[in-house]
Amino acid sequence: AEGVIRTAGTFNYEAKKTYNLYIRCNDSGGCENDDGVCVRDDPSGCLSPKCLGSCFRLFTVNVTDVNEPPTGLKLSHTRIKEEEPADTEVGIFAAQGDPDADEIHTYTLVPGDGDADNARFLIEENLLRTAEVFNFEDGTETFYIRVRTEDSGGLFHEAELTVTLEDINDPPSE
């Protein structure tokens, strides 16, 4: 359609916040010099005197920032030693792939695939903590949790994470 400008791609606020467009309009007189080359260097915005009725203007397109979701979730440590007291820190969560600068994320244990051991852990701000004392000799060496990271706009990512229990050298029993 005439008079409509369409993008050829997607704009990304984090990559580039503004675009300058030079729009040229021509009347039936055309806009070419004697060599058939368009002339558009007049700072007033009008083209060469030979192109009467033609002009160009600079327009600035400002890209609006939109909230984008995190795309991943990382836990700084995924191994804990057995026999540590309840409320022992396992690791620190960090959302991954969220291009929105300075975004604040929350972390929550959630139901779904991979949540078998959610009740054995708790989250305090961005810290994963144990909710009980673990004993390697009880036969469970691997724990499965499902965690959601959510940004301040309500967009989220969920991940299944594994925590591994390390055996320590127990003192001999009497």
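Residues numbered from 1 in each chain as written. Predicted model: local features only at pLDDT ≥ 70, side-chain atom pairs only at ≥ 80, totals over all residues. Heavy atoms only, no water.

Points about the confidence of the model for the protein
Line of reasoning, step 1. Residue-level pLDDT values for the protein average 85, and 81% of them are 70 or greater.
Line of reasoning, step 2. Ignoring residues within four places in sequence, the model shows residues 39-48, a span with pLDDT below 50, making 23 contacts including any to other chains. (pLDDT = per-residue confidence, 0-100. Contact = heavy atoms within 4.5 Å.)

Here we look at the nonpolar core
Among soluble globular proteins, nonpolar side chains are generally buried collectively.
Line of reasoning, step 1. Core analysis: the largest hydrophobic core is formed by 17 residues, its most contacted members being Phe93, Phe121, Leu128, Leu161 and Val163.
Line of reasoning, step 2. The set of elements that each furnish at least two residues to this core consists of β3 (72-75), β5 (89-96), β9 (142-151) and β10 (156-166).
Line of reasoning, step 3. Considering every element that reaches this core, the biggest residue donor is β10, with four residues.
Line of reasoning, step 4. The contacts of Leu128, once residues within four sequence positions are left out, are Leu75, Thr88, Glu89, Val90, Gly91, Phe93, Phe121, Leu122, Ile123, Ile145 and Val163. (Core = buried A, V, L, I, M, F, W, Y, C linked by side-chain atoms within 4.5 Å. Buried < 20%, exposed > 50% of the residue type's maximum accessible area, 1.4 Å probe, protein only. Helix = DSSP H or I, 4+ residues; strand = E, 2+ residues; numbered from the N terminus.)

A word on the packing of aromatic side chains
Line of reasoning, step 1. A complete count under the given rule lists five aromatic pairs for this structure.
Line of reasoning, step 2. Ring plane angle 35° and centroid distance 4.6 Å describe the contact between Phe11 and Tyr19, whose orientation is recorded as tilted.
Line of reasoning, step 3. Relative to Phe143, the ring of Phe134 has its centre 4.4 Å away and its plane inclined at 35°; by these criteria the two rings are tilted.
Line of reasoning, step 4. The structure contains a cluster of three or more aromatic residues connected by ring pairs, namely Phe121, Phe134 and Phe143.
Line of reasoning, step 5. Just above the ring of Tyr13 sits the side chain of Lys17; from NZ or CZ to the centre is 4.7 Å.
Line of reasoning, step 6. Lying across the ring of Phe156, Arg148 places its NZ or CZ 3.7 Å from the centre. (Phe/Tyr/Trp six-rings, centres within 6.5 Å; stacked < 30°, edge-to-face > 60°. Lys NZ or Arg CZ within 6 Å of the ring centre and 35° of its normal.)

Examining the pattern of salt bridges
Line of reasoning, step 1. Taken as a whole, this structure holds seven salt bridges when the rule is applied.
Line of reasoning, step 2. Taking the shortest distance from any N to any O, the salt bridge between Arg120 and Glu132 comes out at 2.9 Å. In this pair, Arg120 is assigned in the loop between β6 (105-109) and β7 (121-124) and Glu132 in the loop between β8 (127-130) and β9, connecting sequence segments 12 residues apart.
Line of reasoning, step 3. For Glu132, a relative accessible area of 27% translates into the label partly exposed.
Line of reasoning, step 4. Its salt-bridge partner being Glu124, residue Arg129 comes within 3.8 Å of it at the nearest N-O pair.
Line of reasoning, step 5. Residue class for Arg129 comes out buried when judged on its relative accessible area of 13%. (Salt bridge = Lys/Arg side-chain N within 4 Å of Asp/Glu carboxyl O.)

Observations concerning unusual backbone geometry
Line of reasoning, step 1. For Glu83, which is not glycine, the phi dihedral falls at a positive 70°.
Line of reasoning, step 2. A positive phi is found at Glu125, a non-glycine position, where the angle reads about 55°.
Line of reasoning, step 3. Take Glu125: it is sitting in the loop between β7 and β8.

Considering the sheet that holds β5
Line of reasoning, step 1. With respect to topology, four strands assemble into an open sheet ordered β3-β5-β8-β7, the strand pairing being antiparallel. Unpaired on one side and paired on the other, β3 and β7 mark the two borders of the sheet. Going from strand to strand, the sheet's axes swing by 30° on average, the running direction of each strand aside.
Line of reasoning, step 2. In this sheet, β8 lies alongside β5 in antiparallel orientation, the contact comprising three bridges. Bridge assignment links Gly91 to a residue of β8, and that residue is Leu128. (Pairing = 2+ DSSP bridges. Axes fitted to C-alpha atoms, helices over the stretch in contact; angles between N-to-C directions.)

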